[in-house]
Amino acid sequence: MESAALLAGGGFTDSPAGTHPALAALARVVNDSVGDATRHALWPLAAELADARPLHRAYAPLLVGTVVDAARVLRGPSRRLARHGRACRRRGERLAHARAGGLPGRVADLLWWRGPGRRYLEHALRLLCAAPDADQRLAALLRKAVAEARDDAARGGASRDEAGRDGASRGGATPGGASRGGTSQDSASRDRAARGGASRDGAGRDAAAGGGRVSAGEGRCNR
């Protein structure tokens, strides 16, 4: 994780900003538990971990649930693991369509991760680390988790970009609409002005003609 932080351009830390905390916790345990050969084989993942932070709130319970399921496959029937798995699935389903961001949501997610989420993950990883083929299981689990996290992060970025383009498109349509509205207003003003001018001209001619008739009438009267 320190290598991932340095590759991301940050400081020397085992909790880089570009890596989801739950994924970083999994990577630390795997790194500390596997042998040198497996650790060396996992080295290329450091660059991918530097940019693996899904933003949707359901990611942490889904990841923990995946690790719990892997432990259940190894351990067999276990009420404790089954209970942990159900809790992760329920929380993941509840947060699947929840909006990211907002202080209450961040606080709730942090409390879950530092409480039951971390306990579920650590318990499952202890069982996996005790397996005879722990290196293979842990390495496969980490590779899958990193790939899924990067895919989720990429989809989230694509969604944000699309939303931004849609907003810009709608914003660009507004000036055009205003321009069309201005054109319509100008046309209407010209029409009103033309009609007003024609009306005034007609009134002037009528007045002139009427004035002529009055004068003629007056002449006749005078005569």
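Just so it is clear, the structure is predicted and the values come from calculations on it, not from any experiment.

Parameters at a glance
- Residues numbered from 1 in each chain as written.
- Predicted model: local features only at pLDDT ≥ 70, side-chain atom pairs only at ≥ 80, totals over all residues.
- Heavy atoms only, no water.
- Patch = residues over 30% accessible without salt bridge, like charges linked within 9 Å, V, L, I, M, F, W, Y side chains within 5 Å.
- Areas by Shrake-Rupley, 256 points an atom, 1.4 Å probe, with all protein chains shown as cover.
- Salt bridge = Lys/Arg side-chain N within 4 Å of Asp/Glu carboxyl O.
- Helix = DSSP H or I, 4+ residues; strand = E, 2+ residues; numbered from the N terminus.
- pLDDT = per-residue confidence, 0-100.
- Contact = heavy atoms within 4.5 Å.
- Lys, Arg positive; Asp, Glu negative; His and termini not counted.
- Charge placed at Lys NZ, Arg CZ, Asp CG, Glu CD.
- Buried < 20%, exposed > 50% of the residue type's maximum accessible area, 1.4 Å probe, protein only.
- Axes fitted to C-alpha atoms, helices over the stretch in contact; angles between N-to-C directions.
- Parallel < 35°, antiparallel > 145°, perpendicular 65-115°, else oblique.
- Left-handed = near helix turned anticlockwise from the far one by under 90°.
- Nonpolar A, V, L, I, M, F, W, Y, C, P; charged D, E, K, R; others polar.

## Some details on a nonpolar patch on the surface
Judged by side-chain polarity, L103, V107 and L111 come together as a nonpolar surface patch covering roughly 300 Å² of accessible area. With respect to the helices, strands and loops of the structure, V107 is situated in helix α7 (residues 103-129).

## Considerations on the confidence of the model for the protein chain
The predicted model of the protein chain has a mean per-residue pLDDT of 75, with 61% of residues at 70 or higher. Helix α6 (residues 79-95) holds the highest mean pLDDT among the elements of the protein chain, 96, whereas helix α1 (residues 2-7) holds the lowest, 50. Predicted confidence is poor over residues 173-185, with pLDDT under 50, and the contacts of this stretch with residues over four places away or in other chains come to 0 contacts. Across residues 197-223, where pLDDT falls below 50, the model places 0 contacts with residues more than four positions away in sequence or in other chains.

## Observations concerning the side chain of D152
Relative to the assigned elements, D152 resides in helix α8 (residues 134-222). Ignoring sequence-local partners within four residues, the contact set of D152 consists of P54, H56 and Y59.

## Digging into a positive patch on the surface
Together, R72, R80, R83, R86, R90, R94 and R126 make up a region of like positive charge exposed at the surface. At 5 residues, the largest contribution of residues to the positive patch is made by α6. Position of R126 among the secondary structure elements: in helix α7.

## Topic: the pattern of salt bridges
For the coordinates displayed, the defined rule picks out 6 salt bridges. When the shortest N-O distance is used, the salt bridge between D109 and R57 registers 2.9 Å. In this pair, D109 is assigned in helix α7 and R57 in the loop between α4 (45-49) and α5 (59-75), connecting sequence segments 52 residues apart. We note a salt bridge from R137 to D133, for which the minimum N-O separation is 2.8 Å. A residue is classified by how much of its surface remains accessible, and D133, at 31% relative accessible area, is partly exposed. Beyond isolated ion pairs, a larger network of salt bridges with shared partners links R57, R91 and D109.

## Some thoughts on the packing of α5 against α6
Running from N to C, α5 and α6 cross one another at 155°; their axes reach a closest spacing of 9 Å. By the criterion of interaxial angle, the relationship of α5 to α6 is roughly antiparallel. For the crossing formed where α5 meets α6, the hand is left-handed. Of the residues in α6, those touching α5 at P61, L62, V64, G65, V68, D69, A71, R72 and R75 are L81, A82, H84, G85, C88, R89, R91 and G92. Of the residues that constitute the contact of α5 with α6, the class distribution is 8 nonpolar, 4 polar and 5 charged.

## Re the environment of A149
Within the element layout of this structure, A149 appears in helix α8. Classification of A149 by relative accessible area gives buried; the value is 0%. C-alpha separation for the pair A149 and L55, spaced 94 residues apart in sequence, amounts to 9.7 Å. If near-sequence neighbours (up to four positions away) are discounted, A149 is found in contact with L23, A52, P54 and Y59.

## Observations regarding the environment of Y59
On the secondary structure map, Y59 appears in helix α5. For Y59, a relative accessible area of 5% corresponds to the buried category. Each C-alpha atom of the pair Y59 and A96 lies 8.5 Å from the other, and the pair is 37 residues apart in sequence. If we ignore the near neighbours within four places in the chain, the residues touching Y59 are H20, L23, P54, A145, A149 and D152.

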